[in-house]
Amino acid sequence: MDASESTPVRVGASSVPCGHAIASEKWRGTDLAKFLQGKVKLVFEDGLGLVDFHLSNRTCILYITECEIVSGSSYKRRLVRFRKACTLNGIVLAERTRLTDQYFSPVQNFVVLELGMALLPVASQSEAAQLLFHLVQERSREGISNPFIRKKHFQLPDASILQTIQKIPGVGKVKALQLLQHFPSIQQLSNASFSQLENVVGHGIALNIYSFFTQ
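Residues numbered from 1 in each chain as written. Predicted model: local features only at pLDDT ≥ 70, side-chain atom pairs only at ≥ 80, totals over all residues. Heavy atoms only, no water.

## Concerning empty space enclosed by the protein
Applying the stated criterion to the full structure yields one cavity of 30 Å³ or more. Here the largest cavity is characterised by a volume of approximately 30 Å³. Lining the largest cavity are Ala21, Leu36, Val40, Leu42, Phe53, Leu55, Leu132, Phe133 and Val136. The element contributing the most residues to the lining of the largest cavity is helix 6 (residues 125-144), with three residues. (1 Å grid on protein atoms, 1.4 Å probe; cavity = no way out; pocket = protein on both sides within 12 Å on 5 of 7 lines; lining within 4 Å. Points joined across faces, edges and corners; volume = space filled by probe spheres on them. Helix = DSSP H or I, 4+ residues; strand = E, 2+ residues; numbered from the N terminus.)

Okay, structure coming up:
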């Protein structure tokens, strides 16, 4: 019995310092870890179970590789076990490449519509590293900011974030920037209600975004 069988989700990863991420030992030496060097402090640990990265005490990342998508449904069992094991906010990163593009619609339907989890497609481990860096930055800012004060200035987002949002059907660069002005992080965008989205981009595109991120 491996670690993911005996401990589906390691609850002990409850305190992640600002600017840090706890990574499963299996990611040591990978391209993703190398791309994050000097940007995020990775702490590698065994026994995280089904989780690939812990970004905070409530948010974690589950990564689906190109090979897992092509080979079958093993990733589905992992995600279902995660949903049954805990109430953490799990974000799924899935590799959308030329090889996996034909399989991606069922993946999206399963993750978003059946499990109600946020799904962020990435083209490579390099892009995944940029996205993780952005998410860690978001967590760090949340930890030191006053939750009752809204940001007054819109900062131009990383290119990887724009690219991710533009993968939503009907969302181009202009709409992506418009969305990020109202929802400054991917988490805020994925948690936005349909009516909030509709007020920004209209009914049709709001429906696409809402279907992309939520049940």
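## A closer look at the pattern of salt bridges
For the structure on display, the rule yields five salt bridges. The salt bridge involving Asp52 is made with Arg78; its shortest N-O contact spans 3.2 Å. Of this pair, Asp52 sits in the loop between strand 2 (41-45) and strand 3 (53-54) while Arg78 sits in helix 4 (residues 74-85); the two residues are 26 residues apart in sequence, bridging distant segments of the chain. With a relative accessible area of 0%, Asp52 lands in the buried category. Several salt bridges share partner residues, and in doing so they unite Lys26, Asp52, Glu68 and Arg78 into one network. (Salt bridge = Lys/Arg side-chain N within 4 Å of Asp/Glu carboxyl O. Buried < 20%, exposed > 50% of the residue type's maximum accessible area, 1.4 Å probe, protein only.)

## Digging into the side chain of Glu95
Tracing the chain through its elements places Glu95 in strand 5 (residues 89-95). Of the side chains with opposite charge, Arg78 comes closest to the buried, unpaired Glu95, at an N-O distance of 10 Å. (Lys, Arg positive; Asp, Glu negative; His and termini not counted.)

## What to know about the packing of helix 5 (residues 104-114) against helix 11 (residues 203-213)
Close contact between helix 5 and helix 11 brings their axes to 7 Å; oriented N to C, the two are set at 85 degrees. Taken as axis vectors, helix 5 and helix 11 run roughly perpendicular relative to one another. Contacts between helix 5 and helix 11 pair Gln108, Val112 and Leu113 from the former with Ser211, Phe212 and Phe213 from the latter. For the contact of helix 5 with helix 11, the per-class residue count stands at four nonpolar, two polar and no charged. (Axes fitted to C-alpha atoms, helices over the stretch in contact; angles between N-to-C directions. Parallel < 35°, antiparallel > 145°, perpendicular 65-115°, else oblique. Contact = heavy atoms within 4.5 Å. Nonpolar A, V, L, I, M, F, W, Y, C, P; charged D, E, K, R; others polar.)

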